[in-house]
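Reading the structure
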Amino acid sequence: MSRLQVVSGKGGTGKTTVAAALALALATEGKRTLLVEVEGRQGIAQLFETEALPYEERKIAVAPGGGEVFALAIDPELALLDYLQMFYKLGGAGRALKKLGAIDFATTIAPGLRDVLLTGKACEAVRRKDKTGRFVYDYVVMDAPPTGRITRFLNVNDEVAGLAKIGPIHNQAQAVMRVLKSRETAVHLVALLEEMPVQETVDGISELRAAKLPVGRIIVNMVRPAILDEADLDLTRDAPRTAIAKSLSAAGLGGARRGGVAERLVEPLLTQAEEYAERYALEREQRAALQALGLPLHELPLLAEGLDLAGLYELATELRRQGIS
Amino acid sequence: MSLDPVRLLDVDPLLDDPKTRIVVCCGAGGVGKTTTAAALGLRAAERGRKVVVLTIDPARRLAQSMGIDALDNTPRRVKGVDDSANGELHAMMLDMKRTFDEIVEAHADPERAAAILNNPFYQSLSAGFAGTQEYMAMEKLGQLRARDEWDLIVVDTPPSRSALDFLDAPKRLGSFLDGRLIRLLTAPAKLGGRAGMKFLNVGMSMMTGTLGKLLGGQLLKDVQTFVSAMDTTFGGFRTRADATYKLLQAPGTAFLVVAAPERDALREAAYFVERLAAEDMPLAGLVLNRVHSSGAAQLSAERALAAAENLAEARIVDQEGGKAGLRNSPDTYGSSESPDSAVPEAPAPDAGSPAADRIDAEGAGTARTVDHLTAGLLRLHAERMRLLFREQRTRDRFTSLHPEVAVAEVAALPGDVHDLAGLRDIGDRLAAGA
């Protein structure tokens, strides 16, 4: 099982939610996971209903069975200062650089550098050991940039190679790439059963594969419950409307006569069934497209009550049940 | 169900008004910005305006249907548009690298342009900088506006990390490339002679030294060459960024914040509304996509579920009179305790299948099947009502926070949109949502 789990997905698919649920799911039986955020959106804090996360590893949740989830929002500027401190013992000079805008410049404008710093920090957490030689975190889960940018983001070596041909950044990029391309890492993509997210997943996977980055699983999020089966859907097409009206009436919903309360429900209910059928067919098509990719496929239900902390634990349990950890 | 009358956004007057020259669609990723932009463009064109839609990252089939799947950075006339009102629809997909290259080519002599285009720093910047796409979208908007060939430009914004990027990136990129730091980096000699700049100069040499160490020296040299080459060829990025920014504030520009009735999307929308106000950007309203409704809203989720249960109970009673356990429940299948009964039952699920029952329209079998269907319809309705309620609650939270924002709701479609007919339908729904 890879120790660095990267979670990407098209915008709106809920990748932060899935990353958080995965971190919870992996933190079973006394295990410790670190959930990292790299885009400065504070999505993790919102999800766990806590105040904004600082650039500091902080415990945010306890998993069933005593495991712990820590969270870290990686700030590229602070990561660079960290890094300068580590290699050059810059101290106060680092702050002066920040004042001048040099740090901002380096992390924003120098393409790739920012990404090396972000992925570098995550890789550092993966490799970090305590005094007894045990890994500090059993797993690191990264809430990564969206599918459209994930390969670029992870493929820091290529990005930096053209710019920093030598020097510590170059070495850092090399070290990061060794972790990212190894079996230590798995990149998961979150999708929805809709055309665009599925297409983007398919494209994203071929890009990741072309860059030799290890693709992990596909997690389909917000799957709606199957309410009508094939037989029901067949029946709706030439449904005996009077029979449905009678059935509604028998269920206690008013008169089945023409114009009766139950009778007036038939049309709108069948319209909803038609919409359901259309979506059902579309979802089946999209599911097949994802299955054709030949990767482990998981499905998480759409939470009826919207997403809250309890829902997050529910999703984590579901991931565990599906053998993801 | 809403508590207070929500201000309604009527898109048609906005699209028809000859004074409206730019419509910017912004919002979080995955809420249907591109589709909304395309639908608005098509609607405006079919209502008689000459429109160009600038899209960033359309779904492949949508792009194909509009004839802009070839990424050539030039507006193409869209075929199949109803031109009875003398309107036209043009569309283009943004190629950010190409746009950047074009700026360089347009403003530098060929030799210098080649030097810039081949500079490694430029190559990374034009393809990779987090704000380049945003910047280029705004640049392209400026170009299209300057050509003055269209009555109306509809812009889709990039799927940014956060909605703010699209406002910040042009400024950020502009101020970086044209700002003090770059000048320090690129022109240390000029500053050396001035006593007052001594401190800065020390700071600067330390900085270039550190950056050089970090990035390996060559990068810094590339940056310096790049910036000085750029600087002499055209009047500075900041000027351009400022011009684009002013264009967005100008009367004639209308922002539409696009969202879906979900917590995160509306939170982002609220954030955007506040930000636009702070920047004096003219907000026309909120487009709320994928809103669900029901023709049977008088039937609550609770009553629907209770009724569905009534039907299920009735069926169990029915089944006990002879066909007990015939429904293929997983319990029956998985049970190893009674292999005798489980095995023969498996291939005989016909008892409840419509194929068998339809033959006898009035028979007891049909009644059971119809009950099963009806129970399903009721559960489906309960799910719909819950969704409706959740959406309404989320929307109400937004409108109570921002009662000043006009809202247009777009009824959800069961499938995806990938042709003009679909876009037209969205446009109709958009106009009807007011």
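For chain B, an unreviewed UniProt entry supplies the name Anion-transporting ATPase and the organism Streptomyces flaveus.

Going by the annotation in an unreviewed UniProt entry, the name recorded for chain A is ATPase, with Streptomyces flaveus given as the source organism.

This next bit is on the environment of Leu193(A). Residues and elements named next belong to chain A. Position of Leu-193 relative to the elements: it lies in the loop between β6 (185-191) and α10 (195-210). With a relative accessible area of 7%, Leu-193 lands in the buried category. Put simply, Leu-193 and Arg-284 are 91 residues apart on the chain and 8.1 Å apart in space, counted from C-alpha to C-alpha.

This part covers the nonpolar core. Core analysis: the biggest nonpolar cluster contains 90 residues, and Met66(B), Leu89(B), Leu286(B) and Leu423(B) have the highest contact counts within it. With residues near it in sequence (within four places) discarded, Met66(B) still touches Ala38(B), Val78(B), Leu89(B), Ala91(B), Leu420(B) and Leu423(B). Of all hydrophobic cores here, the second largest spans 51 residues; its members include Leu84(A), Val140(A), Ala144(A) and Val176(A).

Another point: the sheet that holds β6(A). All names here are of chain A. Spatially, the eight strands line up as an open sheet ordered β3-β4-β2-β5-β1-β6-β7-β8, and their pairing is mixed. A strand with exactly one partner marks an edge of an open sheet, and here the two such strands are β3 (58-62) and β8 (297-301). Pairs of neighbouring strands in the sheet enclose a mean axial angle of 25°, with direction left out of account. Across four bridges, the pairing between β6 and strand β7 (residues 215-223) is parallel.

Turning to the packing of helix α12 (residues 241-250) of chain A against helix α13 (residues 261-291) of chain A, a few remarks are in order. Residues and elements named next belong to chain A. One way to put it is that α12 packs onto α13 with a least axis distance of 8 Å and a crossing angle of 115°. Of the two elements, α12 crosses α13, and the hand of that crossing is right-handed. Contact residues: α12 offers Arg-241, Ile-244, Ala-245, Leu-248 and Ser-249, while α13 offers Ala-262, Glu-263, Leu-265, Val-266, Glu-267, Leu-269 and Leu-270. By residue class, the composition of the contact of α12 with α13 is eight nonpolar, one polar and three charged.

A few words on the pattern of salt bridges. Side-chain pairing between opposite charges can occur once the charged atoms of the two side chains come close. All names here are of chain A. Counting across every chain of the model gives 39 salt bridges over all chains. The closest approach of N and O atoms between Lys-15 and Glu-39, which form a salt bridge, is 3.7 Å. With Lys-15 in helix α1 (residues 15-26) and Glu-39 in the loop between β2 (32-37) and α2 (43-47), the pair connects residues that are 24 residues apart, well separated along the chain. Taken as a pair, Lys-15 and Glu-39 share a single burial class, namely buried. The residue Glu-124 makes a salt bridge to Lys-121 at a minimum N-O spacing of 3.5 Å. Residue Glu-124 and its partner Lys-121 are both found in helix α6 (residues 113-127); the two are separated by three residues, about one turn of the helix. What makes Glu-124 partly exposed here is its relative accessible area of 28%.

Glancing now at the state of the cysteines. Covalently bonding the sulfur atom of one cysteine to the sulfur atom of another cysteine gives a disulfide. Residue and element names in this part refer to chain B. Evaluation of the coordinates by the stated rule reveals zero disulfides over all chains. Cys-25 takes part in no disulfide bond, and the closest cysteine sulfur, belonging to Cys-26, lies 7.6 Å away. Taking relative accessible area as the criterion, Cys-25 reaches 0% and is therefore assigned buried.

Residue and element names in this part refer to chain A. Using the criterion set out here, one finds two aromatic pairs over all chains in the structure. Considering the side-chain rings of Phe-70 and Tyr-137, the 5.8 Å spacing of their centres and the 70° angle between planes classify their relative orientation as edge-to-face. Here Phe-70 is found in strand β4 (residues 68-73), whereas its partner Tyr-137 is found in the loop between α6 and β5 (139-143), with 67 residues between them in sequence. For Phe-70, a relative accessible area of 14% corresponds to the buried category. Where Tyr-276 meets Tyr-280, the ring centres are 5.7 Å apart and the plane angle is 25°; that geometry is what we call stacked. Separated by four residues within a single helix, Tyr-276 and Tyr-280 lie in helix α13, roughly one turn from each other. Classification of Tyr-276 by relative accessible area gives buried; the value is 4%.

This part covers the sheet that holds strand β6 (residues 253-259) of chain B. Residues and elements named next belong to chain B. Read across the sheet, eight strands follow the order β3-β4-β2-β5-β1-β6-β7-β8 without closing on themselves; strand pairing throughout is mixed. Looking at which strands have only one partner, the edges of the open sheet turn out to be β3 (76-77) and β8 (407-411). Here two bridges tie β3 to strand β4 (residues 88-93), and the two strands are oriented antiparallel to one another. Bridge pairing in β4 links Arg-76 to Ala-91. With respect to the sheet, helix α2 (residues 33-46) is in contact with β1 (22-26), β2 (50-55), β4, β5 (152-156), β6 and β7 (283-291), its orientation differing from that of β2 by roughly 170°. In the packing of helix α20 (residues 420-432) onto the sheet, contacts are made with β7 and β8, and the angle to β8 comes to roughly 135°.

Rules behind the numbers
- Residues numbered from 1 in each chain as written.
- Chains lettered and ligands numbered in written order.
- Predicted model: local features only at pLDDT ≥ 70, side-chain atom pairs only at ≥ 80, totals over all residues.
- Heavy atoms only, no water.
- Helix = DSSP H or I, 4+ residues; strand = E, 2+ residues; numbered from the N terminus.
- Buried < 20%, exposed > 50% of the residue type's maximum accessible area, 1.4 Å probe, protein only.
- Core = buried A, V, L, I, M, F, W, Y, C linked by side-chain atoms within 4.5 Å.
- Contact = heavy atoms within 4.5 Å.
- Pairing = 2+ DSSP bridges.
- Axes fitted to C-alpha atoms, helices over the stretch in contact; angles between N-to-C directions.
- Left-handed = near helix turned anticlockwise from the far one by under 90°.
- Nonpolar A, V, L, I, M, F, W, Y, C, P; charged D, E, K, R; others polar.
- Salt bridge = Lys/Arg side-chain N within 4 Å of Asp/Glu carboxyl O.
- Disulfide = S-S within 2.5 Å.
- Phe/Tyr/Trp six-rings, centres within 6.5 Å; stacked < 30°, edge-to-face > 60°.

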